[in-house]
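The primary structure of each chain is shown beneath.
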Amino acid sequence: MNNVIIIGSGCAGLTAAIYAGRANLKPLVIDGFEPGGQLSLTTMVENFPGFPDGILGPDLIENMRKQAQKFGAEFKSGAITEVDLSKRPFKIHAGNDVYETQTLIVGSGATARLIGLESEKKLIGYGVSTCATCDGYFFRGKEIAVVGGGDSAMEEANFLSRFASKVNLIHRRPEFRASKIMVDRARANPKVEFVTPYAVEEISDVSRGGVEYLTLRNTQTNETKKLPVEGVFIAIGHEPNTKVFRGKLDMDENGYLITHHGSQTNVPGVFAAGDVQDHHYRQAITAAGSGCMAALDAEKFLDAHKDA
Ligand code: NAP
């Protein structure tokens with residue numbers, strides 16, 4: 001029987017593990033299918049307080065993991081396949097393994113959608129990014145591209161125009177899903193050029209270890225062309241990792257968990273932290289902060305239900 005199980009080992013889950021460990025709760029962290037979360041997919045992190053020279057995302061995560069282990073957190077690998085939250089202790093299934101726990105912290109994160117190109121995967125952190133706030137600064141004075149036609153793409157194009165010499169906004173249709181005000185704002189930005197209707201067919205050059213140009217296909221005429229850029233931001237949405245909680249925890253229409261009074265979900269004893277419940281800020285530091293909140297809330301809950 002566990003006091004607290006933490007699902008997910010990104011910034012939120014690991015911070016929760018550090019706090020729960022220091023509260024002597026011996027947390028069990030179940031890694032999930034993307035151990036380390038989104039930070040493990042990035043290179044230099046320059047906006048996490050305490051690292052004036054920056055720190056590599058995977059190193060930051062490794063440090064947090066060691067810090068959690070130092071305070072007694074245990075780790076198991078494996079993705080969650082089923083949960084029974086109908087009564088306490090909750091039952092958490094990871095394949096054939098079943099764990100019981102008095103409290104649960106869900107920090108399973110959100111996964112940035114990718115176009116699905118092999119080159120995109122290989123160049124993540126080397127010119128391909130899914131986070132403008134994190135990586136925009138690296139593209140000062142450079143020509144870049146943003147892919148997507150939603151509010152995120154418009155917002156990121158505007159944000160990135162502060163750093164980049166030019167931002168090509170590439171979208172597969174002539175119409176936009178983004179709200180009119182966001183499209184108008186991007187259109188009025190002299191540094192943003194709309195490139196539609198184009199799909200990204202290839203990101204080059206993997207053999208040279210960086211982004212040099214994109215191969216674009218006009219989705220109406222099928223003609224292709226090359227666009228020289230030094231970076232590309234994929235802004236085609238995120239998927240919260242909440243499939244196993246459908247029908248069990250309250251979520252919004254996009255599948256993000258709904259929290260109230262800090263980190264509480266609708267099930268007493270189940271808490272949520274990080275991007276799984278936050279589609280707005282999505283930062284390492286906000287995820288870490290909410291992981292801390294969830295651990296403190298779980299500790300308080302356990303205290304109040306000691307004899308239950
Ligand atoms: P979104 O609204 O789902 O838009 C995703 C965009 O990516 C769509 O234009 C879609 O194209 C395109 N796309 C999806 N898969 C693609 C693929 N495989 N290849 C190429 N393009 C692809 O996602 P979002 O922009 O991240 O926004 C998510 C939610 O957050 C929305 O509700 C949005 O309003 C909100 N949001 C609000 C703000 C704000 O108000 N400040 C800022 C950011 C986000 P199609 O249109 O052709 O399907």
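Our subject is the structure listed above.
Here's a quick rundown of the structure. The model shown is predicted, which means the values in this text are computed figures rather than measured ones. (Residues numbered from 1 in each chain as written. Predicted model: local features only at pLDDT ≥ 70, side-chain atom pairs only at ≥ 80, totals over all residues. Heavy atoms only, no water.)

Here we look at the overall build of the protein
The secondary structure content of the protein amounts to seven helices and 19 strands. Computed over C-alpha atoms, the radius of gyration of the protein comes to 21 Å, within 12% of the 19 Å expected from 2.2 N^0.38 for 308 residues, which places it in the range of a compact globule. Taken over the C-alpha atoms alone, the protein extends approximately 70 × 40 × 35 Å along its principal axes. Considering the protein as a whole, with its 308 residues, one finds that 51% of them fall into the buried category. Contacts in the protein between residues at least 24 apart in sequence constitute 60% of all its contacts with a sequence separation of at least 6. Accessible surface for the protein amounts to roughly 15100 Å². Of this, 48% is attributable to carbon and sulfur atoms. Charge-centre separation for the protein: the mean point of 33 positive side chains lies 1 Å from the mean point of 37 negative side chains. (Helix = DSSP H or I, 4+ residues; strand = E, 2+ residues; numbered from the N terminus. Rg over C-alpha atoms; globule rule 2.2 N^0.38 Å. Buried < 20%, exposed > 50% of the residue type's maximum accessible area, 1.4 Å probe, protein only. Contact = heavy atoms within 4.5 Å. Areas by Shrake-Rupley, 256 points an atom, 1.4 Å probe, with all protein chains shown as cover. Lys, Arg positive; Asp, Glu negative; His and termini not counted. Charge placed at Lys NZ, Arg CZ, Asp CG, Glu CD.)

Focus on the state of the cysteines
A full pass over the atoms with the stated rule returns one disulfide. Across a sulfur-sulfur distance of 2.0 Å, Cys131 and Cys134 are joined as a disulfide pair. Across the S-S bond linking Cys131 and Cys134, the dihedral sits near 75 degrees, which makes this disulfide right-handed. By relative accessible area, Cys131 is classed as buried at 16%. Not engaged in a disulfide, the cysteine Cys11 finds its nearest cysteine sulfur in Cys134; these two sulfurs lie 10 Å apart. (Disulfide = S-S within 2.5 Å.)

Quick notes on the pairing of strand S8 (residues 97-106)
When a strand is regular, its side chains alternate between the sheet's two faces. Two strands pair when backbone bridges link them, and strand S1 (residues 2-7) and S8 are joined in this way by five bridges, in the parallel orientation. Its bridge partner being in S8, Ile5 is matched across the sheet by Leu104. Joining the antiparallel neighbours strand S7 (residues 90-94) and S8 is a turn of two residues, in which Gly95 adopts a positive phi near 65 degrees. Two elements, S8 and strand S19 (residues 270-272), share three bridges in a ladder whose sense is parallel. Along S19, the bridge assignment pairs Ile105 with Phe271. (Pairing = 2+ DSSP bridges.)

Some points on the site of the ligand
Taken together, 13 residues form the shell around the ligand, and within it Asp151, Ser152, Glu155, Arg173 and Arg177 come nearest. Gly150 places a polar main-chain atom, nitrogen or oxygen, 3.3 Å from an oxygen atom of the ligand. Between the ligand and Ser152 there is a distance of 2.5 Å, counted from an oxygen atom to a side-chain nitrogen or oxygen. When the ligand sits alone it has 920 Å² of accessible area, and the protein chains cover 70% of it. Top contributing element to the shell around the ligand by residue count: helix H5 (residues 151-160), with three residues. (Near = heavy atom within 4 Å. Polar contact = N/O pair within 3.5 Å; in protein donor to acceptor, adjacent residues only side chain to side chain.)

Considerations on the environment of Glu223
With respect to the helices, strands and loops of the structure, Glu223 is situated in the loop between strand S15 (213-218) and strand S16 (224-228). Separated by 64 residues in sequence, Glu223 and Phe159 place their C-alpha atoms 30 Å apart. When residues no more than four places from it in sequence are discounted, the contact partners of Glu223 are Leu216, Arg217 and Asn218.

Here's the deal with the sheet that holds S16
Neighbouring strands of a sheet are bound in pairs by backbone hydrogen bonds; such pairs are parallel or else antiparallel. Strand order in this open sheet of three strands is S14-S15-S16, and the pairing throughout is antiparallel. The open sheet is flanked by strand S14 (198-204) and S16, the only strands paired with a single partner. Sheet twist, expressed as the mean angle between neighbouring strand axes with direction ignored, is 30 degrees. As paired elements, S15 and S16 share five bridges and run antiparallel to each other. Bridge pairing in S16 places Tyr213 opposite Pro228. (Axes fitted to C-alpha atoms, helices over the stretch in contact; angles between N-to-C directions.)

Side note on the side chain of Thr215
Tracing the chain through its elements places Thr215 in strand S15. Given the relative accessible area of 19%, Thr215 is considered buried. Look past the residues within four positions of Thr215 in its chain and what remains in contact with it is Ala199, Val200, Glu201, Glu202, Thr224 and Lys225.

Side note on the layout of surface pockets
In this structure, the second largest pocket encloses a volume near 180 Å³. Lining the second largest pocket we find Thr15, Ile18, Tyr19, Phe48, Phe51, Leu60, Asn63, Met64, Gln67, Ile285 and Ala288. Going through the elements one at a time, helix H1 (11-22), helix H2 (57-70) and helix H7 (284-304) are the ones with two or more residues in the lining of the second largest pocket. Sorting elements by how many residues they give to the lining of the second largest pocket places H2 first, with four residues. Split by residue class, the lining of the second largest pocket holds eight nonpolar, three polar and no charged. (1 Å grid on protein atoms, 1.4 Å probe; cavity = no way out; pocket = protein on both sides within 12 Å on 5 of 7 lines; lining within 4 Å. Points joined across faces, edges and corners; volume = space filled by probe spheres on them. Nonpolar A, V, L, I, M, F, W, Y, C, P; charged D, E, K, R; others polar.)

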